[in-house]
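Residue-level listing of the chains:
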Amino acid sequence: MDEPPTETDDPRRMFAIFNEIGIIAQLSRALFEDRLPDGVLLPHFTLVNHLVRVRDGQTPLAMARAFQLPKTTVSHMVSVAVRHGWVELRPNPDDGRSKRVWLTEAGRAFREKAITDLMPELTEVGAALKPQAQENLLRHLTGLRIFLDAQRDPPNGSDG
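Residues numbered from 1 in each chain as written. Predicted model: local features only at pLDDT ≥ 70, side-chain atom pairs only at ≥ 80, totals over all residues. Heavy atoms only, no water.

*Asks:* Explanation requested: the overall build of the protein in the structure shown.
*Replies:* For the protein, the helix and strand inventory stands at 6 helices and 2 strands. Along the chain direction, N to C, the helices and strands of the protein fall in the order α-α-α-α-β-β-α-α. The C-alpha atoms of the protein give a radius of gyration of 19 Å, which is well past the 15 Å a tight globule of 160 residues would have. Projecting the C-alpha coordinates of the protein onto the three principal axes gives extents of approximately 60 × 45 × 25 Å. Here the protein, with 160 residues, has 24% of them falling under the buried criterion. (Helix = DSSP H or I, 4+ residues; strand = E, 2+ residues; numbered from the N terminus. Rg over C-alpha atoms; globule rule 2.2 N^0.38 Å. Buried < 20%, exposed > 50% of the residue type's maximum accessible area, 1.4 Å probe, protein only.)

Printed below as a string of C-alpha cells:
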C-alpha cells in the first residue's frame, strides 16, 4: 500500500519552490535589463556570459542545446552579439558548413561592465540576506541546477 507523501517529499512544495524561482527570475531579469545598454536584453548578456563561464569557440547548435532554445533563436542572439562586436564567427575546422563563436575583448569588457553596473543592486539585495543564508542558498540552488542539468542530458551522450 502506498503511503501518502510526507512533509519532506510533498511535490507541491517543489512546485512552490519552482514558482518562487520563476518569479525571482522575472524580477531579476527586469532589474538586470534596466542596467544593460538600450536594445540589449538579458539573453544577449547570457550568451556572452556563457562563453566566458563555460568556454568560447562553441557552435551555435551547441549553445542552442545548452540553452535549450531553437537554433534560430541562438543564431539571432549571436548576430546581435556580432553586431555589437562582442563575439566573432570563425569557420569550424571540424565542419566546413558551420561556424564557431569566439569572444572578443569587447565582449569580455561588456560582460564585466554589465556586472559592475549591477553591483549597487546586488549589494542592496545582499544586505537583505546574511552571508550564511547567501552561502546556503547558493549551495542549494547549485545542487538543484546540477540535478536538473543531469536529468536533461541523454544517457551515454546520445541525442535520443
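The rest of the description comes next.
*Asks:* In this structure, what is going on with the pattern of salt bridges? I would like to understand it.
*Replies:* Where charged atoms from two side chains of opposite charge come close, those side chains can pair. A full pass over the atoms with the stated rule returns 10 salt bridges. Among the salt bridges present, the one from Glu 121 reaches Arg 35, with a minimum N-O distance of 2.4 Å. One end of the pair, Glu 121, is in helix α5 (residues 105-127); the other, Arg 35, is in the loop between α1 (11-33) and α2 (42-53), with 86 residues separating them in the sequence. Linking Lys 113 and Asp 117 is a salt bridge whose minimum nitrogen-to-oxygen distance equals 2.7 Å. Placement of both Lys 113 and Asp 117 in helix α5 is noted, with a separation of 4 residues, approximately one turn of the helix. A relative accessible area of 52% means that Lys 113 is categorised as exposed. Residue Asp 117 is classed as partly exposed on the basis of its relative accessible area, which comes to 27%. Among the ionic contacts, a cluster of salt bridges with common partners joins Asp 56, Glu 105 and Arg 108. (Salt bridge = Lys/Arg side-chain N within 4 Å of Asp/Glu carboxyl O.)

*Asks:* Explain the packing of α2 against helix α4 (residues 71-84) to me, please; I cannot follow it from the model alone.
*Replies:* In a pair of packed helices, the angle between the axes and the distance between the axes together describe the arrangement. Across the interface, α2 lies against α4 with an axial gap of 9 Å and an inter-helix angle of 85°. Relative to α4, the element α2 is oriented roughly perpendicular. In contact with Pro 43, His 44 and Leu 47 of α2, α4 contributes Val 74, Met 77, Val 78, Val 80 and Ala 81. Partitioning the contact of α2 with α4 into residue classes produces 7 nonpolar, 1 polar and no charged. (Axes fitted to C-alpha atoms, helices over the stretch in contact; angles between N-to-C directions. Parallel < 35°, antiparallel > 145°, perpendicular 65-115°, else oblique. Contact = heavy atoms within 4.5 Å. Nonpolar A, V, L, I, M, F, W, Y, C, P; charged D, E, K, R; others polar.)

*Asks:* Got a minute to help me understand the side chain of Thr 104 in this structure?
*Replies:* Relative to the helices and strands, Thr 104 is located in the loop between β2 (99-103) and α5. On the basis of relative accessibility, which here comes to 16%, the residue Thr 104 falls in the buried class.

Interpretation in functional terms is not warranted from these geometric data alone.
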